[in-house]
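# Descriptive structure summary
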Amino acid sequence: MMTRVKSVITSITGCAIFVATAGVLALMATAQNLPKDTLQDLPKPPAQPSDEAWTFINDLKAPLWGNGLGWSPRAVAAGEADLSRGIRVDAKFPDSEGLLKTAYTDLADFCTAGKIPTNGSFTIETVKAETQVFEAYRIEVTADRCRILAADTEGIRRGIFKVEDMMREVVGPFLKLGTMERKPFIKSRISRCFFGPIKRPPRYRDELMDKVDYYPDQYLNRLAHEGVNGLWLTIMFKDLCKTSVAPEYGETSERRLAKLRQTVEQCRRYGIRIYVFSIEPTAWDAQSPILKRHPELGGKRIGNTCTFCPWSEVSQRYLYESTHFIFSQVPHLGGMINISHGERRTNCQSIVPATSNGRSSCPVCAKKEPWEIIYKTLAPMAKGMHDANPDTTFIAWFYMPQDNPLGDWVYELPKHCPEHVTMQFNFESGVTKDVFGRGRRGADYWISTPGPSRRYERLASFGKNAGTPMSAKIQTGCSHEVATIPFVPAPGMLYRKFSAMRELGVSNVMLCWYFGNYPGIMNKAAGELSFEPFPATEEEFLSRLVQPEWGGAF
Ligand SMILES: [Zn+2]
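Scope of this entry: the structure provided in the associated data block. What you see is a predicted model; the values in this text were computed from it and never measured.

What counts and what doesn't
Residues numbered from 1 in each chain as written. Predicted model: local features only at pLDDT ≥ 70, side-chain atom pairs only at ≥ 80, totals over all residues. Heavy atoms only, no water. Buried < 20%, exposed > 50% of the residue type's maximum accessible area, 1.4 Å probe, protein only. Helix = DSSP H or I, 4+ residues; strand = E, 2+ residues; numbered from the N terminus. Pairing = 2+ DSSP bridges. Donors = N, O, S within 2.8 Å, 3.2 Å for Na, K, Ca; no water. Tetrahedral: all angles 85-135°; square planar, octahedral: opposite > 155°, others 65-115°. Axes fitted to C-alpha atoms, helices over the stretch in contact; angles between N-to-C directions. Parallel < 35°, antiparallel > 145°, perpendicular 65-115°, else oblique. Left-handed = near helix turned anticlockwise from the far one by under 90°. Contact = heavy atoms within 4.5 Å. Nonpolar A, V, L, I, M, F, W, Y, C, P; charged D, E, K, R; others polar. Phe/Tyr/Trp six-rings, centres within 6.5 Å; stacked < 30°, edge-to-face > 60°. Lys NZ or Arg CZ within 6 Å of the ring centre and 35° of its normal. Salt bridge = Lys/Arg side-chain N within 4 Å of Asp/Glu carboxyl O. Lys, Arg positive; Asp, Glu negative; His and termini not counted. Polar contact = N/O pair within 3.5 Å; in protein donor to acceptor, adjacent residues only side chain to side chain. Expected span 1.5 Å × (residues − 1).

## What to know about the pairing of strand S16 (residues 421-426)
Along S16, six of the six residues are buried, which leaves the element largely enclosed by surrounding structure. Summarising the sheet, strand S15 (residues 393-398) and S16 pair through five bridges and their orientation is parallel. Note on S16: the bridge partner recorded for Phe 398 is Phe 425. Pairing between S16 and strand S19 (residues 470-473): four bridges, direction parallel. Considered in S19, the bridge of Met 423 is made with Met 470.

Written out as structure tokens, the structure reads:
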């Protein structure tokens, strides 16, 4: 059976993506060869549906267990505890902030869906216990009791969801007797709201400026069950931060901060932390009054912009105060993901392409090593954040999607990482593959060619040797190969990605850009694959993944 499952799922990967890609290429080739007047005769594509027509949002808001569990009555089997006469929950785990309320409610909803009385005698007990890492848990099942043990609320949450999955696996109100332990090796699993607006062309919408709730409870509940523990959303220092260097910034700060705080607290109830995403420090407008007051903030003027030069005292103060402000103003943020090179003009190194071995033309930075310019920019940002809230992660994302080889300086970055910084690179950019007999190099991003690229392997190995925490940027549900669908069900390809991450010592994953984040089997696969014990083979993983979904049909 499993061989068949694997071959079906793998063939979905191998074919669907390439058929889709080949189809698009064929269409493009055909269109290019057509005379102009023929192109004008082609029917126009249908209009985009309005936001109000997005009925999938109602699907995401629907109760997770609303359709029942589809169990048929059966007798308890050998080696199982019997929960059919009902359970009682003994919530012993100390939870002064009530963070686990949503998880206990979900367990009650699950029992309702499975017709399990919640005033019975089988006890499900949550207990505080020592574990090795955050989110780790242990489950002990005996004939009359299931104990879920963890050191933190999020371990308990994962344990409760696992107990639900264990019942779904055996297709009834029963739990296999025995003990199991799990702990994550990927500590941050960061996705993004599927229908959150983008602060980019053509509409430049900012979710912190409207009153829409992009994080309804049952949507968050779905993400939490899939192992997502972080979501990112876009900010800019100019909109949000009040500092001594740029007091004119942050005009709408209060309104944005209020929505950000609300979002953070909403998601936190489901064990999901918010990470602010930015491309900072933004290069200065050449006419900026801030730059006029402090010319040392500027590096190289190009057209109407001037790069941010990090070497002055005032530059350092601006970077420190910006992140310190955000993380002081908004408690419980998870951290920051900052594109530190590769997209838009930022500091003086940003004008040197990732594929170049040239030097910055800023007169100050020209005398520095490229890694020093990056280091000098990141260090105060990470320190400002960390001083305001030590329980945060600063992810410096080097967005270098080029398929051409990178400059030598890039490989120096993981060897010189500032304190409190995790370095992130694209997992597959630079991958190679033979396609129809021709060698190809891939840019960003790929599910059909799971990576890692040789480039990522080298960067991660330098990071490992230097003790630099590493993150991988991947696409989880779908990629540019076919981005117009919720997800491509090819979890075997994620097994290959996470298996390589584990070997390379990668500890964080950014799961998506604006797409590829719809809840479903691919998110769930990424969540499962982030935990030890890691399945020994792809077959074993697929079996583990589909058992709760397929139950008796497996
Ligand atoms: Zn400079």
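What follows picks up the thread again.
## A look at the coordination of the zinc ion
Note on metal sites: the ideal angle is 109.5 degrees for four tetrahedral donors, and 90 or 180 degrees for six octahedral donors. Ligation of the zinc ion by protein atoms is provided by Cys 309 (SG), Cys 348 (SG), Cys 362 (SG) and Cys 365 (SG), these donors lying 2.2 to 2.4 Å from the ion. One can describe the site at the zinc ion as tetrahedral: its four donor atoms subtend angles covering 104 to 116 degrees at the metal. Spacing between the donor residues of the zinc ion along their common chain follows C-x38-C-x13-C-x2-C. One end of the pair, Cys 309, is in the loop between strand S13 (305-308) and helix H10 (313-329); the other, Cys 348, is in the loop between strand S14 (335-341) and helix H11 (370-388), with 39 residues separating them in the sequence.

## Description of the packing of H10 against H11
Look at H10 against H11: their axes get within 7 Å of each other, and the N-to-C directions meet at 30 degrees. With respect to their mutual orientation, H10 and H11 come out roughly parallel. By crossing handedness, the relation of H10 to H11 is classed as right-handed. Along its contact with H10, which presents Gln 316, Leu 319, Tyr 320, Thr 323, His 324, Phe 327 and Ser 328, the element H11 presents Lys 376, Thr 377, Pro 380, Met 381, Lys 383, Gly 384, Met 385, Asp 387 and Ala 388. Among the residues making up the contact of H10 with H11, the classes are represented as seven nonpolar, six polar and three charged.

## Looking at the packing of aromatic side chains
Per the counting criterion, the structure on display carries 28 aromatic pairs. An angle of 70 degrees between the planes, with centres 6.2 Å apart, marks the rings of Phe 56 and Tyr 518 as edge-to-face. Here the residue Phe 56 occupies a position in helix H3 (residues 56-61), and Tyr 518 occupies one in the loop between strand S20 (508-510) and helix H14 (521-529), the gap between them amounting to 462 residues. An aromatic cluster is present here, built from Trp 54, Phe 56, Phe 194, Phe 195, Tyr 214, Tyr 219 and Tyr 518 joined pairwise through their rings. Sitting over the face of the ring of Trp 232, Arg 192 holds its NZ or CZ atom 5.0 Å from the ring centroid.

## As for the pattern of salt bridges
Enumeration over the complete set of coordinates arrives at 36 salt bridges. One salt bridge connects Arg 145 with Glu 125, and the closest N-O pair in it is separated by 2.9 Å. Of this pair, Arg 145 sits in strand S5 (residues 145-150) while Glu 125 sits in strand S3 (residues 122-128), placing them 20 residues apart in sequence. Accessibility expressed as a relative area gives 29% for Arg 145, which makes it partly exposed.

## Here we look at unusual backbone geometry
Note: most residues except glycine have negative phi, and most peptide bonds are trans. Residue Pro 202 is reached from Pro 201 by a cis peptide bond, and omega for that bond is 0 degrees. Assignment of secondary structure puts Pro 202 in the loop between strand S8 (188-191) and helix H6 (217-225). Looking along the chain, the bond that leaves Asp 444 and enters Tyr 445 is cis, with omega of -20 degrees. Relative to the elements of secondary structure, Tyr 445 occurs in the loop between strand S18 (438-441) and helix H12 (454-466). Of note, Val 171 is a non-glycine position whose phi angle comes to about 55 degrees, a positive value. Residue placement: Val 171 occurs in the loop between helix H5 (153-170) and strand S6 (174-176). Using a relative accessible area of 24% as the deciding quantity, one classes Val 171 as partly exposed. The phi torsion at His 332 lies on the positive side, around 70 degrees, for a residue other than glycine.

## Points about the side chain of Asp 444
Among the structural elements, Asp 444 can be located in the loop between S18 and H12. It is Lys 473 that comes nearest to the buried, bridge-free Asp 444 among opposite-charge side chains, at 7.1 Å. Here Tyr 399 takes part through its side chain, which lies 2.6 Å from a polar atom of the side chain of Asp 444. Those residues in contact with Asp 444 that sit more than four places away from it in its chain are Tyr 399, Pro 401, Asn 426, Ser 429 and His 480.

## Regarding the sheet that holds S16
On the basis of which strands lie adjacent, the closed barrel formed by eight strands has the order S8-S9-S10-S14-S15-S16-S19-S20 and parallel pairing. Averaged over all neighbouring strand pairs, the angle between strand axes comes to 25 degrees, with direction disregarded.

## A look at the sheet that holds strand S11 (residues 284-285)
Hydrogen bonds between backbone atoms are what pair the strands of a sheet, whose relative direction is either parallel or antiparallel. Judged by pairing direction, the sheet is antiparallel, and its three strands sit side by side in the order S11-S13-S12 without closing on themselves. Two strands close off the open sheet at either side, each with one partner strand: S11 and strand S12 (298-302). Taken together, the two bridges between S11 and S13 define a ladder with antiparallel strand orientation. Bridge pairing links Trp 284 to Cys 306 in S13.

## Considering the side chain of Gln 218
With respect to the secondary-structure elements, Gln 218 resides in helix H6. Ignoring anything within four residues of it in the chain, the contact list for Gln 218 reads Leu 60, Lys 61, Ala 62, Pro 63 and Leu 64.

## Side note on helix H15 (residues 538-550)
The terminal C-alpha atoms of H15, which comprises 13 residues, lie 18 Å apart, in line with the 18 Å expected from a rise of 1.5 Å per residue. Of the residues making up H15, those classed as buried are Glu 538, Phe 541, Leu 542, Ser 543, Arg 544, Leu 545, Val 546 and Pro 548. Positive phi shows up at Gly 551, right after H15, with a value of about 45 degrees.

## What about the pairing of strand S7 (residues 178-184)?
Across five bridges, the pairing between strand S4 (residues 137-142) and S7 is antiparallel. Note that in S7 the partner of Ile 139 across the bridge is Met 180. Pairing of S7 with strand S21 (residues 531-532) involves two bridges; the strand directions are antiparallel. Considered in S21, the bridge of Lys 183 is made with Glu 532.

## Thoughts on H14
One turn of the α-helix equals 3.6 residues, which is why residues spaced by three or four share an orientation. Along H14, eight of the nine residues are buried, which leaves the element largely enclosed by surrounding structure. Residues of H14 that are buried include every one of Met 522, Asn 523, Lys 524, Ala 525, Ala 526, Gly 527, Glu 528 and Leu 529, and no others. Residues of H14 that are buried make contact with H5, S7, H6, helix H13 (491-504), S21 and H15.

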